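Each chain is listed here by its residues.
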Amino acid sequence: MPANIKPLTAMRFFAALWVVAFHYTPSLGLGTPSLVAKGYLGVELFFVLSGFILSHVYMAAHGEGRFNYAQFLWARLARIYPVHIATLLGLAVLIGAASLAGVNAGEQVVVWASIPAHLTLTQAWGLGPQGGWNHPSWSISAEWFAYLAFPVFAAVFWRLRDRPRLAAVLAALLAVVLNVGFERLAGFPLTRATILWGALRIVPCFALGCAIWLLWRADVMPTKRAAVLGLAGSLAAIVGATVLGAPDWFTVWLFGALILSLASLTTSGSKLLTSPVWVYLGEVSFAIYMVCIPWELVFSKAVQRIAPTAGETLAWPLWLVMFGGVLPAAMLVHHLVERPAREIMRRHGVPFSRRPASSAERMAEVSVAQR
């Protein structure tokens, strides 16, 4: 199986833009199209992808007794923590500078009681109920929960490696049970949970990603034609489901089909979504996701400061500048923080560890095309 599944890396860029559009479109004051209004599900797409990619890189090693849990967690931390801390510190600096200039960032952003949870990546575990700061970081707190629990996921799904269709059915049922049950108990959808139940929100998606990896491993889409048809069909179905208001758990199912078809493109020899441009944009997607709210805050406050207007809506030209500006902002964070910090952490390895990462483990980490 290929180590680097480039179409999945490219897909991350579009998933990130979907989330950005969800957050930014209301500032136009023109209403939100159904497809954009479901942009919060872009996080579910990332969660399913996370389960797939980590299974691809680590599940067999876990099942065969070659899994180094400490190295795994350190590598995962290297992937998410530097950007998280950089955006947190950056927001603090910007808020301080704005305060000196007489601009109030708002009580919903500056929440000192949530800092310990943010520093320990537990803000989505119900330990930072006041929220605040860089709100999208709740999802990497949920990811951290899934990383810690990965041995459990791996143990369950590795037992089903010879029965991938059963694994997929069980994961799909889990998504229904958790989503329907949660909404009945909590009064709101699990797919809208963030700081209070974000750790639970990732569970059905991550499990589905593990099951989809088993299906891909079994080569259920062996030909290029099957993969392309699966891709077209899943994309059309996702658009239809969001426009027609299908249950979110159903759209999550479709995300599994989308990821399976994209991964199958690689094994079938297709070059679709493998160009360096798409791969690069996919690599920048994590930074896009993490800076989109800070950038929106800075941009909107600057506009209000320079040209005060009634309300908080933006004219089309300004909105386009804000939407387009998130990419260069993310590129700066990616090249100045994300990549160098990740390489430094991986190069030095787990603190106090007696065994350095093997060359196979380092190569595996390079292949992880995950947010």
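Cut-offs applied
- Residues numbered from 1 in each chain as written.
- Predicted model: local features only at pLDDT ≥ 70, side-chain atom pairs only at ≥ 80, totals over all residues.
- Heavy atoms only, no water.
- Helix = DSSP H or I, 4+ residues; strand = E, 2+ residues; numbered from the N terminus.
- Rg over C-alpha atoms; globule rule 2.2 N^0.38 Å.
- Buried < 20%, exposed > 50% of the residue type's maximum accessible area, 1.4 Å probe, protein only.
- Areas by Shrake-Rupley, 256 points an atom, 1.4 Å probe, with all protein chains shown as cover.
- Lys, Arg positive; Asp, Glu negative; His and termini not counted.
- Charge placed at Lys NZ, Arg CZ, Asp CG, Glu CD.
- 1 Å grid on protein atoms, 1.4 Å probe; cavity = no way out; pocket = protein on both sides within 12 Å on 5 of 7 lines; lining within 4 Å.
- Points joined across faces, edges and corners; volume = space filled by probe spheres on them.
- Contact = heavy atoms within 4.5 Å.
- Expected span 1.5 Å × (residues − 1).
- Arc of directions from axis to C-beta.
- Core = buried A, V, L, I, M, F, W, Y, C linked by side-chain atoms within 4.5 Å.
- Phe/Tyr/Trp six-rings, centres within 6.5 Å; stacked < 30°, edge-to-face > 60°.
- Lys NZ or Arg CZ within 6 Å of the ring centre and 35° of its normal.
- Axes fitted to C-alpha atoms, helices over the stretch in contact; angles between N-to-C directions.
- Left-handed = near helix turned anticlockwise from the far one by under 90°.

1. A word on the overall build of the chain
Check the secondary structure of the chain and you find 14 helices and 0 strands. Scanning the chain from its N terminus toward the C terminus, one meets helices and strands in the order α-α-α-α-α-α-α-α-α-α-α-α-α-α. Radius of gyration (C-alpha) of the chain: 20 Å, near the 21 Å computed for a compact globule of 371 residues. Along the first, second and third principal axes, the C-alpha set of the chain runs to 60 × 55 × 45 Å. The buried share of the chain, taken over its 371 residues, is 53%. Here the chain has roughly 16,600 Å² of accessible surface; of this, 68% comes from carbon and sulfur atoms. Positive and negative side-chain charges of the chain, numbering 27 and 15 respectively, have mean locations separated by a distance of 6 Å.

2. With respect to empty space enclosed by the protein
Scanning the model with the defined rule gives 1 cavity of 30 Å³ or more in all. Roughly 30 Å³ of volume is contained in the largest cavity.

3. Some details on the environment of valine 36
On the secondary structure map, valine 36 appears in helix α2 (residues 34-37). Exposure remark for valine 36: the relative accessible area of 17% places this residue in the buried category. With 97 residues separating them in the primary sequence, valine 36 and tryptophan 133 have C-alpha atoms 24 Å apart. If near-sequence neighbours (up to four positions away) are discounted, valine 36 is found in contact with Trp18, Ala21, Phe22 and Thr25.

4. Some words on helix α10 (residues 224-244)
Here α10 is 21 residues long and its end C-alpha atoms lie 30 Å apart, about the 30 Å a rise of 1.5 Å per residue gives. Taken together, the buried positions of α10 are Ala227, Gly230, Leu231, Ser234, Ile238, Ala241 and Thr242. Along α10, the residues classed as buried sweep out an arc of 110° about the axis, all on the same side. Of the residues in α10, the exposed ones pointing more than 90 degrees away from the buried face are Arg225, Leu229, Ala236 and Leu244. Turning to α10, the residues buried within the fold contact α1 (6-24), α2 and α11 (248-267). Taken from the residues just after α10, glycine 245 is the one with a positive phi, measuring 75°.

5. So, the nonpolar core
Ranked by size, the top nonpolar core spans 107 residues in total, and within it Leu8, Phe52, Phe157 and Ile259 carry the most contacts. It is helix α9 (residues 198-217) that provides the largest number of residues to this core, a total of 13 residues. When residues no more than four places from it in sequence are discounted, the contact partners of phenylalanine 157 are Met59, Ala167, Ala171, Ala207, Cys210, Ala211 and Leu214. Of all hydrophobic cores here, the second largest spans 8 residues; its members include Leu88, Leu91, Ile95 and Ile115.

6. Some thoughts on the packing of aromatic side chains
Counting across every chain of the model gives 30 aromatic pairs. Considering the side-chain rings of tyrosine 58 and phenylalanine 67, the 5.9 Å spacing of their centres and the 85° angle between planes classify their relative orientation as edge-to-face. The class for phenylalanine 67 is buried, based on a relative accessible area of 18%. Taken together, the ring pairs in this structure connect Tyr58, Phe67, Tyr69, Phe72, Trp144, Tyr147, Phe150, Phe153 and Phe206 into an aromatic cluster. Over the ring of tyrosine 147 we find arginine 76, and its NZ or CZ is 5.6 Å from the ring centre.

7. Notes on the packing of α9 against α11
Following both chains from N to C, one finds α9 and α11 inclined at 35°, their axes separated by 10 Å at the closest point. Relative to α11, α9 is oriented so that their crossing is right-handed. Each of Cys205, Leu208, Ile212, Leu215 and Trp216 in α9 lies in contact with α11, whose residues at this interface are Val252, Trp253, Gly256, Ile259, Leu260, Ala263, Ser264 and Thr267.

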